[in-house]
Structure formats: C-alpha cells, structure tokens
Amino acid sequence: MAQPAKMPSFEELMWATLGALESLGGSASIRELDDSVSTNLGLTDDILDVLHGDGPQTEFANRCGWARTRLRSIGAVENSARGVWTVTESGRRIGSPDRMRELLRRQRREYRSGLRNAREEPNRVNDLTEESSEEESWQAALLEILRKMEPDAFERLCQRLLREHGFTRVEVTGRSGDGGIDGTGVLRVNLLSFHVNYQCKRYSGTVGPGSIRDFRGALAGRADKGLFITTGRFTKDAEREAVRDGAMAIDLIDGVELCRLLREKELGVITETVERVTPDSSFFDAL
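A. Structural context of the nonpolar core. Ranked by internal contacts, the top residues of the largest apolar core, which has 27 residues, are Leu-18, Val-37, Phe-60, Leu-71 and Ile-74. Broken down by secondary-structure element, the contributors of at least two residues to this core are helix H1 (10–23), helix H2 (30–40), helix H3 (45–48), helix H4 (59–73), strand S3 (84–87) and helix H6 (97–118). At 6 residues, the largest contribution of residues to this core is made by H1. When near neighbours in sequence (up to four residues on either side) are disregarded, Leu-18 contacts Leu-71, Ala-76, Val-77, Val-87, Gly-91, Ile-94 and Met-100.

Below you can see the structure in the form of structure tokens.
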C-alpha cells in the first residue's frame, strides 16, 4: 500500500474504523482502534505526530474520535462507559463505503431537520456533537490548569493519584541528581508486589524516545517497573521505545489519559449529571 501524503478524510477513517473493529473481534479500546486504523492505512509518524491545536491530542486521534462519533450517529457502533467501542449488527450489515456514505447523508438530513424543529423546541440538542465538544473542552481546561501548577504541587498531585489507584508507600523524591525519578511507590497485584519509580513532567508538547531511554537508564537496579506521566503526549517513536524488546517496559500516561484518571477519581474534576425528562408514549398506549 502506498503511503498517504496527507491526513485521511473522515469517511476514510470511518470505514477504516469499521474494518478495525471487525479484525479486532468486534470490540476494542480507543488506543487499540487508533493503532489498528493507523497501521491499516499505512500512516507515517510525521502524520501521526501532528498535534491538534496546542495538544496533547493529535490531529489523527481527534479525527478518529469524530469518525467514531459519526459512526455512532448512524447506529454502526456503540460505546460503553469504560471507553470500549463495539460494532453493532447494523454496522456489520453496511457492507461498503458507498452504503456508509448513504447512511451518513441520511443522518445529516435528519440532523438539519432536527435543527429546524429546534427553533420551535429550544431544549432539543444534538447530543453527539455536544458530547464530543464538551469532552475536548473540559480536557483542554484541565490541562491548562495542570501546566500552570508549580512542579512540587504537580508531583504531589501525581502522588495522590497513584494512591487513589492502589499504590502504597508512595513518596515524592524529585531532587537534583535523582536521574529523572520524581517518586516511588509499591503496587500490589494479587500476591505480587512491584516497586515502581515514576517521572511526572508538565509538558505542553511531545515526549520523544530520548526521554524514555534516559528514564529507563535511571531505573536500572532501582525498580521493577517505570511509569512516565506527562501533561503532553508521547510520539510514536517514544511509544515504541517504551515497549522495546529486551529492555524494561515503561508504562506511559499522556495528558488525555491523565485527565481521564483524574476524572475517574474525582480529583479536581466535578461531573454534573443533568436530568432529562422524556414522556414514555408506550406506557400510555398500554393503558
């Protein structure tokens, strides 16, 4: 397959996402989907590493998110609260890109009709568009706050986050001469305990493979596992370096994942549930 010279269109990403879901057994996490789509489309690192705005999300990841949203709007996929995406029976029956485009055009017509009705019903909104926009908005706002924190405050936040996720004996050790290690902790998994050293950096850009190699070098003989936390994002080369054969694996948490973890534990993130009241016509029909 010839290497594409530019970012794929939304429709190309939609079709590739459906194919990726099928090849992955019908369901997949966002990371699994993005990796499969990029591989199947033969995308190069110079395309995959382009940031969306100020980041940390890449343009590719952002477009893949909208591709999934559009697939969900035509009933081809659905997702769980845990971020697992699943192809539906309707999605399996689409069969061709032309059929997918036909369903997408139909959904757009229905959406435009809904906008006209919304002028008469002000409370009616397009839930899919709002959800995607709000997800990007709160993450961007949270990352801006995190990047403005003092280094020692950010280290304490990471310490608290690790404790909330089951780490014990978590200590902040970030001092000069520590080789890039900002803290230590112990994670117990069933009968086994792992000594983990972590590094936490407030970046607005990308973390390259050199930083991963430096961190791994500092871990030699000092820990069972390494964890690198950043408000930025990791390049594809950095992700490959983190799991390179023959070397200690380094677990990575980028800005988007950090936001998700903070939200999950309600650390500095308030989630409000809006009550929606909808008449159930089937109830009245059954009387």
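B. Summary view of the side chain of Asp-34. In this structure, Asp-34 sits in helix H2. Non-local contacts of Asp-34, meaning those with residues more than four positions away in its chain, are made with Phe-60, Ala-61, Cys-64 and Arg-68.

C. Spatial organisation of the environment of Asn-197. Within the secondary structure, Asn-197 sits in strand S6 (residues 192–201). When the C-alpha positions of Asn-197 and Ala-218 are compared, they lie 9.5 Å apart, and in sequence the two are 21 residues distant.

D. Structural detail: the sheet that holds S6. Read across the open sheet, the 5 strands follow the order S4-S5-S6-S8-S10; overall the sheet is mixed. Either end of the sheet is taken by a strand with one partner, and the two such strands are strand S4 (167–172) and strand S10 (250–253). Going from strand to strand, the sheet's axes swing by 25° on average, the running direction of each strand aside. Inspection of the sheet shows strand S5 (residues 183–189) paired to S6 by 7 bridges, in the antiparallel sense. Its bridge partner being in S6, Gly-183 is matched across the sheet by Tyr-198.

E. Inspection of the sheet that holds S3 at higher detail. An order of S1-S3-S2 is seen for the 3 strands of this open sheet, with the pairing classed as antiparallel. Of all strands in the sheet, those bounded by a partner on one side alone are strand S1 (27–29) and strand S2 (77–79). Averaged over all pairs of adjacent strands, the angle between strand axes in this sheet comes to 25°, irrespective of strand direction. Bridge analysis of S1 against S3 gives 3 bridges, and the strand direction is antiparallel. By the bridge assignment, Ser-27 is partnered in S3 with Thr-86. In the packing of H1 onto the sheet, contacts are made with S1, S2 and S3, and the angle to S3 comes to roughly 95°. Set on the sheet, H4 makes contact with S2 and S3; between it and S2 the angle comes to about 110°.

F. Structural context of unusual backbone geometry. If you check the backbone angles, Arg-169 has positive phi at about 50° while not being a glycine. Within the fold, Arg-169 resides in strand S4. Residue classification places Arg-169 among the exposed residues on the basis of a relative accessible area of 63%. Its identity is not glycine, yet Asn-190 carries a phi of approximately 55°, on the positive side.

G. Fine view of H2. Within H2, burial applies to Leu-33, Asp-34, Ser-36, Val-37 and Ser-38. Contacts from the buried residues of H2 go to H1, S1, H3, H4 and S3. Note on H2: the residue one or two positions beyond its end, Gly-42, has a positive phi of about 65°.

H. Region of the structure containing the pattern of salt bridges. For the structure shown, the criterion picks out 23 salt bridges. The residue Glu-239 makes a salt bridge to Arg-31 at a minimum N-O spacing of 3.5 Å. You can see Glu-239 sitting in helix H10 (residues 236–242) and its partner Arg-31 sitting in helix H2, a full 208 residues away along the chain. The network of salt bridges with shared partners includes Arg-31, Asp-35, Lys-236 and Glu-239.

Parameters and conventions
Residues numbered from 1 in each chain as written. Predicted model: local features only at pLDDT ≥ 70, side-chain atom pairs only at ≥ 80, totals over all residues. Heavy atoms only, no water. Core = buried A, V, L, I, M, F, W, Y, C linked by side-chain atoms within 4.5 Å. Buried < 20%, exposed > 50% of the residue type's maximum accessible area, 1.4 Å probe, protein only. Helix = DSSP H or I, 4+ residues; strand = E, 2+ residues; numbered from the N terminus. Contact = heavy atoms within 4.5 Å. Pairing = 2+ DSSP bridges. Axes fitted to C-alpha atoms, helices over the stretch in contact; angles between N-to-C directions. Salt bridge = Lys/Arg side-chain N within 4 Å of Asp/Glu carboxyl O.

The analysis is restricted to geometry; functional conclusions fall outside its scope.
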